[in-house]
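The chain contents come next:
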Amino acid sequence: MQKILVVDFGSQYTQLIARRLRELKIFSEVCPWDEISDLTEVSGFILSGGPESSNLEGNPDINKRILNSKKPILGICYGMQILAFQEGGKIENKGKKEFGHAQIKLENKSHLFDETSNAINVWMSHGDKVKVLPEGYEVIASSDNSPIAAFQNCSKNYYGLQFHPEVTHTKFGTKIIENFLQKCDIKQNWDATDILKQIDTEVVSKVKDQNVLLALSGGVDSTVLAAVLYKILGKRLTCVMVDHGLLRKDEAKNVIRNLKKKIGLEVNLVNAQSLFLKKLEGIADPENKRKIIGKTFIEVFEKESKNLAEINWLAQGTIYPDVIESAGNSKTKAKVIKSHHNVGGLPERMNLNLLEPFRMLFKDEVRNIGKEIGLPNEIIERHPFPGPGLGIRVIGEVNEKRLQRLRDADHIFLTELKNYDLYYSASQAYAFYMPIKSVGVVGDNRIYADVIGLRSVNTTDFMTAKATNLPHEFIEHVSTRIVNEIDGISRVVYDITSKPPATIEWE
């Protein structure tokens, strides 16, 4: 299948490039800059940004096979700088750095900016800039801080952008990428049907006639994966849901009932609440909590698999943002944001192969697959719920008292969002528990109790997000219910921080 290869130089935005391409129904793959392999089916290249300086010895560079392929290239940020540098230009490491919103002005006509405008608001994130263009190149846009904010070499179909067209902050960003694709002579070849065919081929090829154990969390990703695998494997799929004591109110019961009712799938429920809570005693660091939950999760499945006949594979609903945020790729120098419980492989002692058909998909692609196979909206449009569950929504140490208060607060928040017809206008909403004391007054008595936080965000890709602009009267109503109905809570706060700089979850 023809594709666009996204060459990763370590940018946290790299995956957004791949996602924008897929939105345009173009198959794309991300490849580290130093692992370039078969280029037979590559129609063009997009070079990502990165944290390094592009004219220092030993830093990531463009593989010569890419340049020798004579295929179109679009360099973004570091990708632009390293393209200019390797083509004979000069990079400047001095002067004012540029982070955040900026405006560029078009200096020369370029197909890259067809159907945009002469002045465009863009998102910058760079310290270096191109000082001198290579021979055969021309400036096509500038900003106040970057005289060369975009360039082109029309004879080679090489283009460079100092800004990031892949982020939603850049106006016409998707159109600029679409214009580049026209130079690559590639036709639309990627939608839910294509994804399902690829998954079917992958699963059949790997699993053959063997049996699969699915780690079902009840969230959108694992639920859709259960339905997809059930269609492929039938009774060779065994679904196990671990109740680790970190689920929302009535979560396990509702998930099992819905899967049975909607797709005819039986789920085995394993009660491991006491095991998880015991291992989390005294643990406050979020990374340690995630790792303990992940390790215990695998241990439970390892034990469960031994009680089942001839299980060969463990399936997980891991998706691309999970992988990226857990990255820490030493070659691309991408930074770890947080560990995900279902990322990182299996213990060597565990005699199961790992099956992750959604590992290279974004959340919206998983939802589209759910729609394609006929799952109802009440399943595929549910808000995401993290694998570690409430374990990372109780800030600090986890115990049953805090979990119960949080379950009740979260249930009130989500119920009222539905009552006010606000649930589906948010991408993800939840309550979190803050173990800090705040003075309050209940009746005539002074109390000194903990705090519940509320968070609701809107996002298209879960890589960036903004706080939902919920009506003040609604938040006040939810706050009143939580404080009046839950003992031990003195105050409710609402988090309005965007991602970045924050993450969607607190831990």
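This next bit is on the pattern of salt bridges. A complete count under the given rule lists 25 salt bridges for this structure. Between Asp-364 and Arg-19 there is a salt bridge, with its nearest N and O atoms 2.8 Å apart. Here the residue Asp-364 occupies a position in helix α11 (residues 363-372), and Arg-19 occupies one in helix α1 (residues 14-23), the gap between them amounting to 345 residues. Look at Asp-364 and you get partly exposed, because its relative accessible area is 21%. When salt bridges that share partners are traced, they join Arg-19, Arg-20, Glu-23 and Asp-364 into one network.

Backbone torsion omega between Lys-499 and Pro-500 reads -15°, so that peptide bond is classified as cis. Cis geometry marks the peptide bond from Pro-500 to Pro-501, where omega comes out at 15°. Checked against the element boundaries, Pro-501 lands in the segment after β20 (489-495). Of note, the phi angle at Asn-157 is positive, near 60°, even though the residue is not glycine. Its place among the elements puts Asn-157 in the loop between β10 (150-153) and β11 (158-161). Of note, the phi angle at Asp-250 is positive, near 60°, even though the residue is not glycine. Mapped onto the elements, Asp-250 comes out in the loop between β13 (237-243) and α7 (251-263).

A separate point is the sheet that holds strand β15 (residues 311-315). Ordered in space as β14-β13-β12-β15-β16, the five strands form an open sheet in which the pairing is parallel. Strands at the two margins of the open sheet, each flanked by one partner only, are β14 (267-271) and β16 (353-355). In this sheet, neighbouring strand axes are inclined to one another by 30° on average, regardless of whether the strands run parallel or antiparallel. Examined bridge by bridge, β13 and β14 share five bridges and lie parallel to one another. The residue bridging Asp-243 from the neighbouring strand is Asn-271, located in β14.

The next point concerns the pairing of strand β4 (residues 73-76). On any regular strand, side chains alternate: one points to one face of the sheet, the next to the other face. Residues Ile-73 and Gly-75 point to one face of β4 and Leu-74 and Ile-76 to the other, with burial holding for every one of them. One ladder, built from three bridges, connects strand β3 (residues 42-47) with β4; its direction is parallel. Counterpart to Phe-45 in the pairing with β4 is Ile-73. Taken together, the four bridges between β4 and β11 define a ladder with parallel strand orientation. Bridge pairing in β11 links Gly-75 to Gly-160.

This part is about the nonpolar core. Formed by 84 residues in total, the largest nonpolar core has its most connected members in Val-224, Phe-358, Ile-369, Leu-417, Ile-452 and Ile-482. No other element matches helix α6 (residues 220-233), which puts eight residues into this core. Judged by nonpolar contacts, the second largest core, of 35 residues, contains Ile-4, Val-6, Val-30 and Val-122.

What follows deals with the pairing of β13. Most of β13 sits out of view: seven of its seven residues are buried. Pairing geometry for strand β12 (residues 211-215) and β13, over four bridges, is parallel. The residue of β13 that forms the bridge with Leu-213 is Thr-238. Crossover connection from β12 via α6 to parallel β13: handedness right-handed.

Our focus in this paragraph is the packing of aromatic side chains. To describe a pair of aromatic rings, you give the distance between the ring centres and the angle between the ring planes. Using the criterion set out here, one finds nine aromatic pairs in the structure. Taking the centre distance of 6.3 Å and the plane angle of 85° together, the rings of Tyr-159 and Phe-180 count as edge-to-face. With a gap of 21 residues between them, Tyr-159 in strand β11 and Phe-180 in helix α4 (residues 173-184) connect regions that are remote in the sequence. Owing to a relative accessible area of 2%, Tyr-159 belongs among the buried residues under this scheme. A ring pair is formed by Tyr-430 and Phe-432, whose centres lie 6.1 Å apart and whose planes are at 55°; its orientation type is tilted. By the burial criterion, Tyr-430 is buried, and Phe-432 matches it. Taken together, Phe-413, Tyr-420 and Phe-474 form an aromatic cluster joined through their ring pairs. A cation over an aromatic ring shows up here: Arg-393 above the ring of Tyr-430, its NZ or CZ 4.0 Å from the ring centre.

Definitions and cut-offs
- Residues numbered from 1 in each chain as written.
- Predicted model: local features only at pLDDT ≥ 70, side-chain atom pairs only at ≥ 80, totals over all residues.
- Heavy atoms only, no water.
- Salt bridge = Lys/Arg side-chain N within 4 Å of Asp/Glu carboxyl O.
- Helix = DSSP H or I, 4+ residues; strand = E, 2+ residues; numbered from the N terminus.
- Buried < 20%, exposed > 50% of the residue type's maximum accessible area, 1.4 Å probe, protein only.
- Pairing = 2+ DSSP bridges.
- Axes fitted to C-alpha atoms, helices over the stretch in contact; angles between N-to-C directions.
- Core = buried A, V, L, I, M, F, W, Y, C linked by side-chain atoms within 4.5 Å.
- Right-handed = clockwise from strand over helix to strand, strands pointing away.
- Phe/Tyr/Trp six-rings, centres within 6.5 Å; stacked < 30°, edge-to-face > 60°.
- Lys NZ or Arg CZ within 6 Å of the ring centre and 35° of its normal.

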